[in-house]
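Coordinate analysis (summary)
Chain by chain, the residues:
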Amino acid sequence: MWGRSPILRGLATIILFLTLEVVSILFIANDSVFQRVKISGALMYFKSGISSATSDVRYYFGLREKNEVLINENQRLREQLSLYKAKAEMGDTLEGFLSVTPDFTYIPAKIISNSTNKLNNYIIINRGRKHGIQKDMGVISPEGVVGVVSSVSDNYSYIISFLNINQSVSARIEPSGAFGPLVWEGRSSDYATLTEVPYHIRVSIGDTVFTSGFSTLYPPDVPLGTIRRSSVIMGSYHNFQVKLFQNFNSLRYVSVVVNNKQNELNQFLKENEAKR
Amino acid sequence: MKLRGNILISFVTLLLVQIMLSGLVDFGPLLFIAVYPLFIFTLPINTPVNRLLLWAFAMGLAVDYFTNSIMGLNSSASLVMALLQPQIFKAVSRKGDLENQIRPGLAQLGYAKFALYALILLTIHHIFFSMAESLGFTHFIYNLPRLFVSIAVNTLLIMLVEYSLFYKLMR
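Attention here is on the structure that accompanies the text. (Residues numbered from 1 in each chain as written. Chains lettered and ligands numbered in written order. Predicted model: local features only at pLDDT ≥ 70, side-chain atom pairs only at ≥ 80, totals over all residues. Heavy atoms only, no water.)

Some thoughts on the overall build of chain B
Looking only at helices and strands, chain B features 7 helices and 0 strands. Overall, chain B shows an N-to-C arrangement of helices and strands of α-α-α-α-α-α-α. Going through the 171 residues of chain B one by one, you find that 56% of them count as buried. Partitioning the contacts of chain B with sequence separation of at least 6, the portion at a separation of at least 24 is 73%. When the accessible surface of chain B is summed, it comes to about 7600 Å², and 72% of that surface belongs to carbon and sulfur atoms. (Helix = DSSP H or I, 4+ residues; strand = E, 2+ residues; numbered from the N terminus. Buried < 20%, exposed > 50% of the residue type's maximum accessible area, 1.4 Å probe, protein only. Contact = heavy atoms within 4.5 Å. Areas by Shrake-Rupley, 256 points an atom, 1.4 Å probe, with all protein chains shown as cover.)

A short note on the packing of aromatic side chains
On inspection of all chains with the given rule, the structure shows 10 aromatic pairs over all chains. Relative to A:F214, the ring of A:F179 lies with its centre 5.0 Å away and its plane at 90°, an arrangement referred to as edge-to-face. Of this pair, A:F179 sits in strand β7 (residues 179-183) while A:F214 sits in the loop between β9 (208-211) and β10 (223-233), placing them 35 residues apart in sequence. Aromatic ring contacts, followed pair by pair, group B:F41, B:F89, B:F114 and B:Y117 into a single cluster. The ring centre of A:Y106 lies 4.9 Å from the NZ or CZ of A:R78, which sits over that ring. (Phe/Tyr/Trp six-rings, centres within 6.5 Å; stacked < 30°, edge-to-face > 60°. Lys NZ or Arg CZ within 6 Å of the ring centre and 35° of its normal.)

Brief notes about a nonpolar patch on the surface
Among the surface-exposed residues, A:I233, A:M234 and A:Y237 lie close enough to one another that they form a single nonpolar patch of about 340 Å² accessible area. Note on placement: A:Y237 falls in strand β11 (residues 237-244). (Patch = residues over 30% accessible without salt bridge, like charges linked within 9 Å, V, L, I, M, F, W, Y side chains within 5 Å. Salt bridge = Lys/Arg side-chain N within 4 Å of Asp/Glu carboxyl O.)

Side note on the sheet that holds β7(A)
Residue and element names in this part refer to chain A. Pairing in this closed barrel of 6 strands is antiparallel, and the strands run β6-β7-β8-β11-β10-β9 around the ring. On average, each strand axis in the sheet is inclined to that of its neighbour by 40°, with strand direction left out of account. Bridging between β9 and β10 involves 3 bridges; their strand directions are antiparallel. By the bridge assignment for β10, T208 is matched with T226. (Pairing = 2+ DSSP bridges. Axes fitted to C-alpha atoms, helices over the stretch in contact; angles between N-to-C directions.)

A short note on helix α4 (residues 73-92) of chain B
All names here are of chain B. For α4, spanning 20 residues, the distance from its first C-alpha to its last is 27 Å, which sits close to the expected 28 Å at 1.5 Å a residue. At Q85, α4 shows its largest bend, some 45°, and a proline, P86, comes one to four positions later. For α4, a buried count of 15 out of 20 residues is recorded, marking the element as mostly surrounded by other parts of the structure. (Expected span 1.5 Å × (residues − 1). Bend = angle between axes of the 7 residues up to and from the residue.)

Quick word on the sheet that holds strand β1 (residues 104-114) of chain A
All names here are of chain A. Judged by pairing direction, the barrel is antiparallel, and its 6 strands sit side by side in the order β1-β2-β5-β4-β3-β12 before closing back on the first. When strand polarity is set aside, the average angle formed by the axes of neighbouring strands in this sheet is 45°. Bridge analysis of strand β3 (residues 138-141) against strand β12 (residues 253-259) gives 3 bridges, and the strand direction is antiparallel. Looking across to β12, one finds that V139 is bridged to V256.

Notes on the environment of B:G23
Among the secondary structure elements, B:G23 is positioned in helix α1 (residues 2-24). Sequence-wise, B:G23 and B:I33 are 10 residues apart; in three dimensions their C-alpha atoms are separated by 9.4 Å.

Let's talk about the packing of helix α1 (residues 6-29) of chain A against α4(B)
Where α1(A) contacts α4(B), the two axes come as close as 8 Å, and the packing angle between them is 160°. Between α1(A) and α4(B), the crossing angle belongs to the class labelled roughly antiparallel. Once α1(A) is placed against α4(B), the crossing between them reads as left-handed. Of the residues in α4(B), those touching α1(A) at A:T13, A:F17, A:L20, A:E21, A:S24 and A:I28 are B:L73, B:S75, B:S76, B:L79, B:V80 and B:L83. Its residues assigned to classes, the contact of α1(A) with α4(B) comprises 7 nonpolar, 4 polar and 1 charged. (Parallel < 35°, antiparallel > 145°, perpendicular 65-115°, else oblique. Left-handed = near helix turned anticlockwise from the far one by under 90°. Nonpolar A, V, L, I, M, F, W, Y, C, P; charged D, E, K, R; others polar.)

Structure (structure tokens):
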């Protein structure tokens, strides 16, 4: 009977189609489950082999080691800098001087897989839980923001790239101090849009955009880009097109931001919430 | 049995071509590479639609997994394409073509017909792909340039891949 009647066969086809389509859409909705599958397991070895083979072609071999040295040095310097900043804020008391920990520390990592040609781009790096990376940590490079850690396995981390239409970074324009969310609109990997800046604020073309430091993900004052063009939305807001300093195509080394005050801050927020 | 072997070979070949091209070709987000639909176009006519759907689903998921995109994105688009493939083929081909169990490729259809066939199915695929990507119609107008560029480039790429890999073998 099954397969003979054309109506039943058509019905079976439609049911199969709908089932598979619903399964696909469920997959899309629950992507975070698969991110974990993608970075754990044997496939990563195969994958990291392939992608390093293809991307190594673009790099000179001698520059590689030099880069590594520079990365480590940069990291050390950045940690020292944030330590000194914190010390300066604490003033001259000896107590404060001894007990200070830097606000942010950095874990250097190498990109294994990266894409810039989709609307939802992801990055995989070669550092994971073993190295102290946790979910929801920010990732930066010397030239700007890279993304947010989305899931972690023992040796690898899956990062939602800034080049993802669902991502935004809290940004600040330098001389005027105005701030707003910087989002990527999916057009070009070189440009992003700074939205919702109040109309009365005066900004000139070429002003530099930095991270605001309002979120716990990224340290403040990471340079992001320069303003290139502005447009007025509904007569009340400026939208600025920002040329990013970051070139995501040639991005190779990144630093994962560890916010040492995160737990304290979360606890503080929770306490205040409880009081209310 | 021989036919099924051929299907497997073209499955693996196109998966590899897709992985390599989407890894190497990068013109920014305005262009997404989709060559794997060629596999679904060229599944033999007379393949039951159910089997077509399963192949399309498998191909879509494999591409999603290996090219590091959101799981389910390519599979949902290629399912719609697979469902409509027999109808489009009927519309494009001559009557006699349907009776043989042929692979609807460049050698069998000829340049003009194959290009038309590929173009129509790719358009369907790309529309559903971009809908699944932004989950709805909201970005549809905004995505139009991306859609046009991708359809044009992918049609060309598919013609090239079909010509270079399968045309001579099948003739």
